[in-house]
Amino acid sequence: MDALIHEFRAAYAVMKGDQLAETLNPDVQTNAAKLQAIWGRGNVRDATADLEFLFYSDPSRPRISQKETAGWVEIYLSYWKAVGEILAVEGLRTDAKASSSSRTTVYNAWKDLTLLVVRGYTNHEFENWTIPCLYVTTKYLRLFAIQGDEERRRTGGTEDTDMAIMQDDFDPEQEDNKLLEDCARHLNRVFQLCYNDRAPMEESRKWGIYYAINLLFRTHFKLNSTTLSKNVLNAVSAGRVDMPTIDRFPKSQQVTFKYYEGVLAFLNENYVVAEEHLTTAWQTCHKDAKHHLELILTYLIPCRLLTTHTLPSSELLGPFPRLQKLFLPISAAIKKADLHAFDIALREGETQFIKRRIYLALERGRDIALRNLLRKVFLAGGSGEAKDDASPARRSRIPVNEFTAAIKISSGEEIDTDEVECLIANLIYKNLMKGYIAHEAGTVVLSKSGAFPGTGV
């Protein structure tokens, strides 16, 4: 415990928030020996006595207010207890009580610590330079919640027999993410702690708001509760006047926020806005952050397909093998105007597309493949007779039967003219074609200039 508090003092003396937060790092993979030294003999009386001496009696203690000192003593005692639970589940404790620990008890112990850190800002006069302590506690709160829920799913929970008998009235999936749902409520409290701070900007907790928001977004997406993220986004938009501009925050936070802002717009089918946010995330993201770039492209590619009808190049997808497998077959089918190949590519990637929430957007890409097919029919029709000395004009009246034949060949399926007329009407409505259907004549009359907007024809 002495070494831990000396690290606290060193960080506090130079007011280094990241260095201070490192004293609360529970990563047993990299700090096993350190955590075991902190735990010591596992005697709570010894731990309490050490903390009281180091914070209240030691001549070299930092000169901070009694109120703030009380807050840090509570935090480090709670951290000590959490460390004990972590060491127990990792098999690094041999005492009798270690067998009663689980991932759930780790989560509960860490939750107590997180709540004490939050209380430090409301009750114990913690300054805003210590905000990284909130970062580390909330980060691991989410991680321990996920691990706890996974353990519960593996073991079937810890309910006793009587309770198990009475579970027929409950949705079995409701308990699957019980800890993560509880975590989300506490993360929202941290968001409110930062959002509602009215201190001058240089002393404000609002400098921690985007970290809290991004962690909330990740948690809501994990819970498949994106509506809650939209509520957070609305609150941020309403209070943006009182917040520092996003470009003053670390780039990692900018990229994450813009990514989720773009995905939320994407899920709301606002593809133009989604493209704007995702493009900003793509341009801001570090070139070596391949995983993040891949996530951004997963949504940016369908956006551009629908907004500008732009297909990804093999060069763009070169560093991302998984995206190549997902998008190149669809892109090739659209370029070739091969409806059958498009349907196969969509079907083969269906599981991944649904998992990533991009299936419906990609399905709309069939309209672009169909547009390209009808454009080929139009170009193959050649030119009509020239009038006077004018150059021959391209034939603008196309029999519906020609379009029907092309769709049958391309899709490999039977289709009647009424269905074809519906498809053409849909393309005209979406401004993928310009013209009208002369139903009685069985003809499609296309515009003599720009029959297929954006294609040069």
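Residues numbered from 1 in each chain as written. Predicted model: local features only at pLDDT ≥ 70, side-chain atom pairs only at ≥ 80, totals over all residues. Heavy atoms only, no water.

1. Things to note about the overall build of the chain
Assigned secondary structure in the chain consists of 22 helices and 3 strands. A compact globule built from 457 residues would reach a C-alpha radius of gyration of about 23 Å, whereas the chain, at 30 Å, exceeds it by more than 25%. Once the C-alpha set of the chain is aligned to its principal axes, its extents read approximately 105 × 55 × 40 Å. When each of the 457 residues of the chain is scored for burial, the buried share is 47%. Expressed as a percentage of contacts within the chain between residues at least 6 apart in sequence, the contacts between residues at least 24 apart total 64%. Counting only carbon and sulfur atoms, one obtains 50% of the accessible surface of the chain, whose full area is about 23700 Å². Between the centroid of the 56 positive side chains of the chain and the centroid of its 60 negative side chains there is a distance of 5 Å. (Helix = DSSP H or I, 4+ residues; strand = E, 2+ residues; numbered from the N terminus. Rg over C-alpha atoms; globule rule 2.2 N^0.38 Å. Buried < 20%, exposed > 50% of the residue type's maximum accessible area, 1.4 Å probe, protein only. Contact = heavy atoms within 4.5 Å. Areas by Shrake-Rupley, 256 points an atom, 1.4 Å probe, with all protein chains shown as cover. Lys, Arg positive; Asp, Glu negative; His and termini not counted. Charge placed at Lys NZ, Arg CZ, Asp CG, Glu CD.)

2. What to know about the confidence of the model for the chain
Residue-level pLDDT values for the chain average 89, and 93% of them are 70 or greater. For the chain, helix α8 (residues 161–165) is the element with the lowest average pLDDT, namely 36, and helix α13 (residues 271–284) is the one with the highest, namely 96. Overall, residues 159–172 carries pLDDT values under 50, and its contacts beyond four positions in sequence, including any with other chains, amount to 2 contacts. (pLDDT = per-residue confidence, 0-100.)

3. Here we look at helix α17 (residues 339–348)
Residues of α17 that are buried: Leu-339, Phe-342, Asp-343, Ala-345 and Leu-346. Buried residues of α17, seen end-on, are gathered within an arc of 165° and therefore sit on one face of the element. Exposed side of α17, more than 90 degrees from the buried face: Arg-347 and Glu-348 are the residues found there. Considering only its buried residues, α17 is in contact with α16 (321–336), α18 (350–355), α19 (359–363), α20 (365–380) and α21 (400–411). (Arc of directions from axis to C-beta.)

4. Description of the pattern of salt bridges
Where charged atoms from two side chains of opposite charge come close, those side chains can pair. Taken as a whole and judged by the stated rule, the model has 16 salt bridges. A salt bridge links Lys-111 to Asp-182; the nearest nitrogen and oxygen atoms lie 3.4 Å apart. Of this pair, Lys-111 sits in helix α6 (residues 103–123) while Asp-182 sits in helix α9 (residues 178–195), placing them 71 residues apart in sequence. Look at Asp-182 and you get buried, because its relative accessible area is 16%. One salt bridge in this structure joins Lys-430 and Asp-367, with 2.4 Å as the shortest N-O distance. Here Lys-430, found in the loop between α22 (417–429) and β2 (435–438), pairs with Asp-367, found in helix α20; they are 63 residues apart in sequence, far enough to count as distant. On the basis of relative accessible area, Asp-367 is assigned to the buried category, the value being 15%. The network of salt bridges with shared partners includes Lys-111, Asp-182 and Arg-185. (Salt bridge = Lys/Arg side-chain N within 4 Å of Asp/Glu carboxyl O.)

5. Topic: the side chain of Arg-205
Relative to the assigned elements, Arg-205 resides in the loop between α9 and α10 (209–222). A relative accessible area of 15% places Arg-205 in the buried class. Dropping the residues within four chain positions of it, Arg-205 is found in contact with Tyr-121, Asn-128, Ile-131, Leu-193, Cys-194 and Asp-197.

6. Here we look at the packing of aromatic side chains
Counted under the stated rule, the structure contains 27 aromatic pairs. Summarising the aromatic geometry, the rings of Trp-72 and Phe-126 are spaced 4.2 Å apart at their centres and angled 10° between planes, so their arrangement reads as stacked. Remark: Phe-126 occurs in the loop between α6 and α7 (132–155) and Trp-72 occurs in helix α5 (residues 66–89); sequence separation between them is 54 residues. Like Phe-126, Trp-72 is buried. (Phe/Tyr/Trp six-rings, centres within 6.5 Å; stacked < 30°, edge-to-face > 60°.)

7. Considering the pairing of strand β3 (residues 443–446)
Of the two faces of β3, both are covered, the one formed by Thr-443 and Val-445 as well as the one formed by Val-444 and Leu-446. Where strand β1 (residues 397–399) lies against β3, 3 bridges are found, and the strand directions are antiparallel. Opposite Arg-397, over in β3, you have Val-445 as the bridge partner. Taken together, the 4 bridges between β2 and β3 define a ladder with antiparallel strand orientation. If you follow Gly-435 over to β3, its bridge partner there is Leu-446. Hairpin remark: β2 followed by β3, antiparallel, with 4 residues in the connecting loop; positive phi at Gly-442, about 65°. (Pairing = 2+ DSSP bridges.)

8. Describing the packing of α21 against α22
To characterise two packed helices, one gives the angle between the axes of the helices and the distance between these axes. Running from N to C, α21 and α22 point in directions that differ by 95°, and their axes come no closer than 10 Å. Considered as vectors, α21 and α22 are oriented roughly perpendicular to each other. Each of Val-400, Asn-401, Phe-403, Thr-404 and Ile-407 in α21 lies in contact with α22, whose residues at this interface are Thr-417, Val-420, Glu-421, Leu-423 and Ile-424. Counted by class, the contact of α21 with α22 contains 6 nonpolar, 3 polar and 1 charged residues. (Axes fitted to C-alpha atoms, helices over the stretch in contact; angles between N-to-C directions. Parallel < 35°, antiparallel > 145°, perpendicular 65-115°, else oblique. Nonpolar A, V, L, I, M, F, W, Y, C, P; charged D, E, K, R; others polar.)

9. Digging into the sheet that holds β1
In space, the 3 strands of this open sheet follow the order β1-β3-β2, with antiparallel pairing throughout. Of all strands in the sheet, those bounded by a partner on one side alone are β1 and β2. Within the sheet, the average angular offset between the axes of one strand and its neighbour, ignoring direction, is 25°. Across the face of the sheet, α21 comes into contact with β1 and β3 while running at roughly 55° to β1.

10. Description of the nonpolar core
With 135 residues, the main nonpolar core has Trp-72, Tyr-76, Tyr-79, Phe-191, Ile-209, Ile-213 and Leu-374 as its most contacted residues. Counting residues per element, this core draws most heavily on α5, which supplies 11 residues. Other than its neighbours up to four places away in sequence, Trp-72 contacts Phe-8, Tyr-12, Leu-20, Phe-55, Ile-64, Phe-126, Thr-130 and Cys-133. (Core = buried A, V, L, I, M, F, W, Y, C linked by side-chain atoms within 4.5 Å.)

11. Considerations on the environment of Asp-247
With respect to the helices and strands, Asp-247 occurs in the loop between α11 (226–238) and α12 (251–267). In terms of polar contacts, Asp-247 uses its side chain to reach the side chain of Thr-245, at 2.5 Å. (Polar contact = N/O pair within 3.5 Å; in protein donor to acceptor, adjacent residues only side chain to side chain.)

12. A closer look at the environment of Ile-344
As for its placement among the helices and strands, Ile-344 is situated in helix α17. Through-space distance from the C-alpha of Ile-344 to that of Ile-330 is 8.8 Å; in sequence the pair is 14 residues apart.

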